Amino acid sequence: MRIRFTKMQGAGNDFVVLDETRGPLGLTPAQYRFIADRHFGVGADQVLSVRPSPGAGIDFEYVIHNADGGEVEQCGNGARCFARFVRDKGLAPGDTLRVKTLSGVIEPRLNPDGRVTVDMGAPVFEPAQVPFDTAGLSSQADGSWHKWHLALDTHAGSAIISVAILSMGNPHAVQEVADVDTAPVHAQGPAIECHPRFPKRVNAGFMQVVDRSQVRLRVWERGAGETLACGTGACAAVVAGIRLGRLDRKVDVHTRGGLLTIEWDGQGPVFMTGPAVTVFEGEMEVP
Ligand SMILES: N[C@H](CCC[C@H](N)C(=O)O)C(=O)O
């Protein structure tokens with residue numbers, strides 16, 4: 001099958017965007033993996049599909065597949081690129097869109113400065129809805145919230161970590177570290193991602209609090225490994241930091257790929273602002 005694609009990135013989190021507004025391509029998980037492969041395909045952290053509105057009051061459907069070929073509920077950096085894509089292709093009805101994802105409707109808005117702000121919806125804290133199995137697990141109070149103690153078996157030995165658990169439509173486990181540059185992202189990330197207490201696996205965040213309005217963040221993403229930035233991971237980290245009493249309501253998140261700004265007033269939706277860039281267009285054969 002020959003497909004046209006657009007390569008995009010948001011703070012270094014990179015995507016292949018497929019225009020399926022004239023009909024689905026019907027790709028398989030293996031074909032998504034091929035497209036995302038950095039040697040045999042285009043290369044991307046996720047593959048994003050732009051599909052027609054599923055109903056009244058919604059502009060588009062937004063479908064997300066990780067590099068491992070699995071479909072997932074949400075992708076924040078991808079949402080900004082989605083909005084830039086439909087604007088540049090003349091498909092957007094206006095500056096603000098209503099876009100349906102597996103985890104609900106989000107609202108990207110194209111700003112005059114070229115950045116994109118997305119209403120990412122409200123975080124979910126009920127463990128069963130993350131989902132996260134707490135049976136027999138201990139937790140410790142921290143600020144107005146608590147962290148769960150997770151036992152990890154890594155190639156570097158066993159460890160007990162304390163993580164904040166929440167969902168931004170997709171699951172996140174966030175831990176505080178003293179320095180992201182020396183954090184055990186590649187030692188612990190895979191063990192956290194595939195920990196048996198996460199039936200749908202999880203994205204593993206490593207957050208260094210710089211001050212009450214700045215953090216540094218690295219994320220080992222479910223289905224993609226460490227990415228240069230993770231939009232939902234930035235939202236989850238800031239929400240966790242606010243609930244733990246470490247952060248104020250507007251926070252700059254410094255990732256290896258660039259700056260994301262997250263705002264949350266302690267309830268309701270989380271707002272994420274950041275870049276969205278088209279890198280190149282192309283065509284390829286997908287076996
Ligand atoms: N790996 C994530 C999906 C992409 C999230 C990330 N790229 C973002 O910008 O939110 C998951 O499996 O839930």
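Computed from a prediction, not measured in an experiment: that's the story for all the values here.

1. Things to note about the side chain of glutamate 73
1) Next: Along the chain, glutamate 73 falls in the loop between β5 (71-72) and α2 (76-88).
2) Next: The buried category is assigned to glutamate 73, whose relative accessible area is 14%.
3) Next: One polar contact links glutamate 73 to arginine 222, side chain to side chain, over a distance of 2.6 Å.
4) Next: The contact partners of glutamate 73, leaving out residues within four places of it in the chain, are Ile64, Thr101, Leu102, Ser103, Gly169, Asn170, Pro171, Lys200 and Arg222.

2. Comments concerning the nonpolar core
1) Next: Within the largest apolar cluster, 53 residues are counted, with the highest numbers of intra-cluster contacts made by Tyr62, Val253 and Ile262.
2) Next: The biggest single contributor to this core is helix α4 (residues 231-243), with eight residues.
3) Next: Both of domain 1 (2-120 + 275-285) and domain 2 (127-268) provide at least three residues apiece to this core.
4) Next: The residues touching tyrosine 62, leaving out its near neighbours within four places in the chain, are Leu48, Ser49, Gln74, Cys75, Gly78, Ala79, Phe82, Val99, Lys100, Thr101 and Ile106.
5) Next: Counting residues in each nonpolar core, the second largest holds 21 residues, with Ile161, Val163, Ala191 and Trp220 among its members.

3. Let's talk about the pattern of salt bridges
1) Next: Applying the stated criterion across every chain yields a total of 27 salt bridges.
2) Next: The salt bridge involving aspartate 14 is made with arginine 38; its shortest N-O contact spans 2.7 Å. Of the two residues, aspartate 14 is situated in strand β2 (residues 13-19) and arginine 38 in the loop between α1 (29-36) and β3 (46-52); the sequence distance between them amounts to 24 residues.
3) Next: Take arginine 38: its relative accessible area is 47%, and that puts it in the partly exposed class.
4) Next: Ionic pairing is found between arginine 38 and aspartate 45, a salt bridge with its closest N-O pair at 3.0 Å.
5) Next: You can call aspartate 45 buried: its relative accessible area is 7%.
6) Next: Overlapping salt bridges, with partners in common, bring together Asp179, Asp181, Arg216, Arg218, Glu226 and Arg256 in one network.

4. Thoughts on the packing of aromatic side chains
1) Next: For the coordinates displayed, the defined rule picks out seven aromatic pairs.
2) Next: Where phenylalanine 5 meets phenylalanine 280, the ring centres are 5.9 Å apart and the plane angle is 85 degrees; that geometry is what we call edge-to-face. Placement of phenylalanine 5 in strand β1 (residues 2-10) and of phenylalanine 280 in strand β19 (residues 277-285) is noted, with a sequence separation of 275 residues between them.
3) Next: Seen in terms of ring centroids, phenylalanine 125 and tryptophan 264 are 6.3 Å apart; in terms of plane orientation they differ by 50 degrees. Their pairing is tilted. Taken as a pair, phenylalanine 125 in the loop between β8 (116-119) and β9 (139-142) and tryptophan 264 in the loop between β17 (258-263) and β18 (271-274) lie far apart in primary sequence, 139 residues in all.
4) Next: Using a relative accessible area of 23% as the deciding quantity, one classes phenylalanine 125 as partly exposed.
5) Next: Ring pairing ties together the aromatic residues Phe60, Tyr62 and Phe82, which thus form one cluster.

5. Some words on the layout of surface pockets
1) Next: Taken as a whole, the largest pocket encloses approximately 270 Å³ of empty space.
2) Next: Along the wall of the largest pocket there are 14 residues; nearest its centre are Arg4, Phe5, Leu18, Asp19 and Arg22.
3) Next: Sorting the residues of the lining of the largest pocket by element identifies β1 and β2 as the ones contributing at least two each.
4) Next: By residue class, the composition of the lining of the largest pocket is five nonpolar, three polar and six charged.

6. What to know about the confidence of the model for the chain
1) Next: Confidence in the prediction for the chain averages 96 pLDDT; 100% of positions are at 70 or higher.
2) Next: Here β9 stands out as the least confident element of the chain, with mean pLDDT 84; strand β16 (residues 250-255) is the most confident, with 99.
3) Next: The complex model carries a pTM of 0.98, and its ipTM stands at 0.98.

Definitions and cut-offs
Residues numbered from 1 in each chain as written. Predicted model: local features only at pLDDT ≥ 70, side-chain atom pairs only at ≥ 80, totals over all residues. Heavy atoms only, no water. Helix = DSSP H or I, 4+ residues; strand = E, 2+ residues; numbered from the N terminus. Buried < 20%, exposed > 50% of the residue type's maximum accessible area, 1.4 Å probe, protein only. Polar contact = N/O pair within 3.5 Å; in protein donor to acceptor, adjacent residues only side chain to side chain. Contact = heavy atoms within 4.5 Å. Core = buried A, V, L, I, M, F, W, Y, C linked by side-chain atoms within 4.5 Å. Domains from an automatic or database assignment. Salt bridge = Lys/Arg side-chain N within 4 Å of Asp/Glu carboxyl O. Phe/Tyr/Trp six-rings, centres within 6.5 Å; stacked < 30°, edge-to-face > 60°. 1 Å grid on protein atoms, 1.4 Å probe; cavity = no way out; pocket = protein on both sides within 12 Å on 5 of 7 lines; lining within 4 Å. Points joined across faces, edges and corners; volume = space filled by probe spheres on them. Nonpolar A, V, L, I, M, F, W, Y, C, P; charged D, E, K, R; others polar. pLDDT = per-residue confidence, 0-100.

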